[in-house]
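Close look at the chain arrangement
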2 protein chains.
Amino acid sequence: MIDCGEGTQMQMQRYKFSYRKLSHVFISHLHGDHYLGLMGMISTFNLFNRKDPLYVFGPEALKDVLDLHLKVSDVHLNYDLIFYPLLKKEVIYEDEKLTVSCFPLKHRIPTWGFLFKEKENSERNLNKEFIEKFRPGIEQIHKIKYGADFQAQEGAILKNEDITYFPKSLSYAYCCDTLYDEELIPEIRGVDLLYHEATFGNKNEAIAGNKFHSTAAQAATLAAKAGAGKLLLGHFSARYIDREELLDEARYVFPNSELSKEGETYTIV
Amino acid sequence: MIDCGEGTQMQMQRYKFSYRKLSHVFISHLHGDHYLGLMGMISTFNLFNRKDPLYVFGPEALKDVLDLHLKVSDVHLNYDLIFYPLLKKEVIYEDEKLTVSCFPLKHRIPTWGFLFKEKENSERNLNKEFIEKFRPGIEQIHKIKYGADFQAQEGAILKNEDITYFPKSLSYAYCCDTLYDEELIPEIRGVDLLYHEATFGNKNEAIAGNKFHSTAAQAATLAAKAGAGKLLLGHFSARYIDREELLDEARYVFPNSELSKEGETYTIV
């Protein structure tokens, strides 16, 4: 979970997102709309008798906030709440398939972006056409995935590189809230999907700057300069009831832009 | 406003309760469901450019919570947030019409009940029958309200006490969360409307005791012993999907009991 505003629990219920699936929470910064749902969610997990640890990554001061809330409510968690403070650009999570890194954004208070990156695959995928034509057995498939050639019944040998490919490793970056900042380009270069805040439109570019936010067109410019595959816009100011204006401004700069909508699911590619 | 759980802002919007009407917030205790909406609401007021002061009454430690949230979010309020710590049983608010007092409840952490009491009226109301029969002018009405007799055109003099009455001063007490506690009786004696928590039903009386909560029947017993006019039950455990069972158990002890329902308005008498 990235950020956890007030009402996150209600939204999880509404969209039937199981509490049990959640193990890691990444908090970008300590403005209320990005973290005020966290304390309630942590308490609810306790009421529901959670046993699995919960990992929380966020600005250093979030530790003080969590500690104070647990202290004043005299809640003793029956699961481990493991806090990891964001202090510098670094890899903050790694498993066999994925790394997560954080990098600083430019906002009014310390704010962090996150990059989720699948590792390069060591396992090949078999070409669909090959499978359909030759229908290899499970044991053969396993060998081919790790580099073996295939001996067809007619005697011909099909080379591994002709019947397999390495699946693309996908990446997703989250940049919210932030000024337009070209220093982010090396952090997010070539990302498949960039979520970038677009609080304002072109007409309010000056306000965006004053408030340490971005416009939709600035988000699109960053996506273009970083060579992102797709841009997902979000964090719209309440003044934009019709957000098509923001989408148009972004698409003018970077055509593969989308508006994020509450409750929707978006794919990385 | 009494207590301010997560999502209070959404509920205010939903039930079209104007932010501007809100000047005083009373927080009973620091369990999440009673105060986690406060920090967001305070920030939203700031975004909406509130100028009027906001008075917050609550357990002492709430001050630390509010201070820490304002500090970590680096929010500087453009209105006065005036905090009053609840430390002992006392009158915490008074104006020409109303007093508000707090008194300690018995819960796992420091928790406060509140009594809202209209002052005795110094102004009389005119009997409806008198107004309809004699149709006094505005100036006459004013004099009668402050004690004057009325000279009818036929010459008879109607005495003030025969044509007026003092309107009843209403009172409302809020007791949530708490064990069943007869020490509350002197605090709430004769209250017109008692809101009392009823987290559990008779079958779970032991659980209620362990968790420092009450049953519906206990709430009703307290209402009866304190001579309350009406009892409003609330704070039901999620295990009671059908709450009629709780209502039945309360009404068996104190017939004038009601279930509180989300979004409903209840009158004091």
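Residues numbered from 1 in each chain as written. Chains lettered and ligands numbered in written order. Predicted model: local features only at pLDDT ≥ 70, side-chain atom pairs only at ≥ 80, totals over all residues.

A word on the overall build of chain A. When helices and strands are counted, chain A shows eleven helices and 14 strands. Along the longest, intermediate and shortest principal axes, the C-alpha atoms of chain A span 75 × 50 × 35 Å. Out of the 269 residues belonging to chain A, those deemed buried represent 34%. Of the contacts formed within chain A by residues at least 6 apart in sequence, a portion of 62% connects residues at least 24 apart. (Helix = DSSP H or I, 4+ residues; strand = E, 2+ residues; numbered from the N terminus. Buried ≥ 20, exposed ≤ 12 C-beta atoms within 10 Å, placed from the backbone. Contact = placed C-beta atoms within 7 Å.)

Judged by nonpolar contacts, the single largest core of 102 residues is most densely connected at Leu194, Leu231 and Ala250 of chain A together with Leu194, Leu231 and Ala250 of chain B. For this core, the element with the most residues is helix 10 (residues 216-226) of chain A, which contributes seven residues. If we ignore the near neighbours within four places in the chain, the residues touching Leu194 of chain A are Ala173, Cys175, Ile188, Ala223, Ala226, Ala228, Leu231 and Leu232 of chain A. (Core = buried A, V, L, I, M, F, W, Y, C linked by C-beta atoms within 7 Å.)

All names here are of chain A. Bridge count for strand 4 (residues 90-94) against strand 5 (residues 98-104) is four bridges, and the pairing is antiparallel. What sits directly across from Glu94, in strand 5, is Thr99. Here strand 4 hands over to strand 5 after three residues, the two strands then running antiparallel side by side. In terms of strand pairing, strand 5 meets strand 6 (residues 112-118) through seven bridges, oriented antiparallel. (Pairing = 2+ DSSP bridges.)

Now for the relation of the copies chain B and chain A. Note: a rotation about an axis with an accompanying shift along it relates these two copies of the chain. Mapping chain B onto chain A is achieved by rotating through 180° and translating by 0.0 Å along the same axis, at an RMSD of 0.1 Å. Both copies are brought into coincidence by an operation consistent with a two-fold rotation axis. Among all C-alpha atoms of chain B, that of Gly7 of chain B lies closest to the rotation axis, at 2.9 Å. Of the interface residues in chain B, 100% have counterparts in chain A that sit at the interface too, so the contact is made through matching surfaces. (Least-squares fit on C-alpha atoms with pLDDT ≥ 70 in both.)

Before going further, it helps to examine the interface of chain B and chain A. Listed by partner, the interface residues are 20 residues for chain B and 20 residues for chain A. Put simply, the parts of the chain that give the side of chain B that touches chain A at least two residues each are helix 3 (38-47) and helix 4 (62-73) of chain B. In terms of residue count, helix 4 of chain B provides more of the side of chain B that touches chain A than any other element does, five residues in total. Per-class residue counts for the side of chain B that touches chain A are nine nonpolar, seven polar and four charged. (Nonpolar A, V, L, I, M, F, W, Y, C, P; charged D, E, K, R; others polar.)

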